[in-house]
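Architecture and fold: a report
Single-letter residue listing:
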Amino acid sequence: MSRRRLVVVSALVAGVVAVLFLVGFRGGARRDDAGPSGTLALERLLAASGVAVRDGAVPPSPPGTFVLLSDLRTPDQERALLAWVQRGGRLVVTDPASAVASLLGVPLDGNVGGFSVWTGLAPGCVTAETSGVAGLEADSADAVFGSTEPAGAVPCFPASGGAYVVQIPRGAGTIVLVGGPSPFTNALLARSDNATFALRTMGPGPVVFGPPVPPAAGAAQQSVWSALPGRAKAVLIGLCIAVVAFALTRARRLGRPSSEQTVSPIPAGELVRASANLYRRGHATAFAGRLLRDDFAAWVGRGMGVPEADRDRVATMLATQPTVAAGGARDVLERADPTTDDELIALARDIEDAKRAMEGTAV
């Protein structure tokens, strides 16, 4: 491998590693997952604090809390949740791509940013949820919301010109939009004041962790790609990049093909043997026999002054000739197709004999 190609391969491998690292951490959190991206520690923290925690597709009765770590609902399905919030419920959404944000007019505005994987954020607001919270630690790749918020909204934890958390009152309830689930995950819950913020945000309970889509619409609305966990998506993306990298390293250079000269001339007999081997492997005995007879008919036709004559026409013309050679040639042309290698060899031998017999005969 040349030095230039080695540099290209190294750069592509580094890109694959970066994608696996960044996208892997952006995978959706799961409440029952004990890994770094799961939220099992949050469940235990809430339960130890006396909060009732369960999974459910239906929000609890107000003033309970409905948590969506990942949200793939349609705008019509989100409006039903907003109506529930209007009656006094608390909706916590940690998926910045949720349709709830767009319905409420809260745009996305980049990422948290920072040179490290985790970034510390100061509250920057005074609310019940930030009481006793001096700082929050979040994934640097999490999203931030833009400065356009609905009336009464409170942006908190400013980062990169936006807000990592936006609290929106709606009727008798509250909506809390978070730029990502990372502060509530097992990896970060014990860092900074993340645990305190989680307790304040989830409220007194009961707390219900909802699915990404309602069960009745899940089969029709959720695609195969959206159903994959974040780490599985990262692996597939990495494999695609690796395949492209391999194709690039194995491909020829761009531009016109370079002229190549054969090291040594290929004997004509090699082509004949190669073609014969292909016919033999394909068990094309009858086809090979027809080729031999067509070639013999063309040879006879040229000798009789009819170069374009086919096999049947040549056989008809030979029937008018009284010579023994013409009779032998006609017999070869009208013979049935060979079915075995021995019959094919016999046909080729008879054709050679007929040619030699006709070479000295005036047809």
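Since this is a predicted model, take the numbers as computed values, not measurements.

Attention now goes to the overall build of the protein chain. In terms of regular secondary structure, the protein chain is built from 13 helices and 11 strands. Expressed as a percentage of the 363 residues in the protein chain, the buried residues total 37%. A total accessible area of about 20,100 Å² is found for the protein chain, and carbon and sulfur atoms account for 59% of it.

Oppositely charged side chains can pair when the atoms bearing their charge come close. Throughout the structure, instances matching the rule amount to 11 salt bridges. Here Glu 137 ties to Arg 191 by a salt bridge, and the two come within 3.3 Å at their closest N and O atoms. Taken together, the residues span a long stretch of sequence, with Glu 137 in strand S6 (residues 136–139) and Arg 191 in the loop between strand S10 (173–178) and helix H5 (194–202) at a distance of 54 residues. Assessed through its relative accessible area of 35%, Arg 191 is described here as partly exposed.

A few words now on the nonpolar core. Residues Leu 42, Phe 157, Tyr 164 and Val 165 are the most contacted members of the largest nonpolar core, which totals 27 residues. In contact with Val 165, not counting residues within four places along its chain, are Val 154, Pro 155, Cys 156, Phe 157, Val 176, Leu 177, Val 178 and Phe 197. Residues Val 85, Phe 145, Ile 168 and Ile 175 belong to the second largest nonpolar core, which totals 20 residues.

What follows deals with the state of the cysteines. Covalent bonding between the sulfur atoms of two cysteines defines a disulfide. Tallied over the full model, the rule gives 1 disulfide. Here Cys 125 engages in a disulfide with Cys 156; their sulfurs sit 1.9 Å apart. Handedness of the Cys 125-Cys 156 disulfide follows from its S-S torsion of about 105°: it is right-handed. A residue pair is termed long-range when its members are at least 10 positions apart, and Cys 125 in the loop between strand S5 (118–121) and S6 and Cys 156 in strand S8 (residues 154–159) qualify at 31 residues. With respect to burial, Cys 125 and Cys 156 carry one shared label: buried.

So, about the packing of aromatic side chains. Counted under the stated rule, the structure contains 4 aromatic pairs. Judged by centre distance (6.0 Å) and plane angle (5°), the ring pair of Phe 184 and Phe 197 falls under stacked. Pair noted here: Phe 184 is in the loop between S10 and H5 and Phe 197 is in helix H5, with a separation of 13 residues, a long-range link. Ring geometry for Phe 296 versus Trp 299: centroids 6.0 Å apart, planes at 20°, classification stacked.

With 19 residues, helix H13 (residues 341–359) should cover 27 Å at 1.5 Å per step; its first-to-last C-alpha distance of 27 Å lies within 8% of that length. Buried within H13 we find Leu 344, Leu 347, Ile 351, Ala 354, Lys 355 and Met 358. The buried residues of H13 occupy an angular sector of 100° when the element is viewed end-on, so they sit on one face. Exposed side chains of H13 directed beyond 90 degrees from the buried face belong to Asp 342 and Arg 356. Contacts made by the buried residues of H13 are with helix H10 (285–303), helix H11 (311–318) and helix H12 (324–333).

Cut-off values and rules
- All residue numbers here refer to positions counted from 1 along the written sequence of the relevant chain.
- Residues qualify for local features only when their pLDDT is at least 70, as the model is predicted, and side-chain atom pairs are given and counted only at 80 or more; totals for whole chains, interfaces and linings, by contrast, use all residues.
- Neither water nor hydrogens contribute to the side-chain values; these are computed over all heavy atoms in the structure.
- Secondary structure is summarised from DSSP: a helix means a run of H or I of at least four residues, a strand means a run of E of at least two, and numbering begins at the N terminus for each.
- Each residue is placed in one exposure class: buried if its accessible area under a 1.4 Å probe, protein chains only, is under 20% of its type's maximum, exposed if it is over 50%, and partly exposed if it falls in between.
- Here, Shrake-Rupley sampling with a 1.4 Å probe gives the accessible areas, and only protein chains in the shown set may cover a residue.
- Salt bridges are identified by distance alone: a Lys or Arg side-chain nitrogen within 4 Å of an Asp or Glu carboxyl oxygen.
- By nonpolar core is meant a set of buried Ala, Val, Leu, Ile, Met, Phe, Trp, Tyr and Cys residues that side-chain atoms within 4.5 Å join together.
- The contact criterion used is simple: two residues touch if any of their non-hydrogen atoms lie within 4.5 Å.
- By disulfide we mean two sulfur atoms from cysteines, separated by a distance within 2.5 Å.
- Here is the rule: rings of Phe, Tyr and Trp (six-membered ring for Trp) pair when centre to centre is within 6.5 Å. Planes less than 30 degrees apart are stacked, more than 60 are edge-to-face, and the remainder are tilted.
- Here a helix's expected span is defined as the number of its residues, less one, multiplied by 1.5 Å.
- This arc corresponds to the set of directions leading from the helix axis out to the C-beta atoms.

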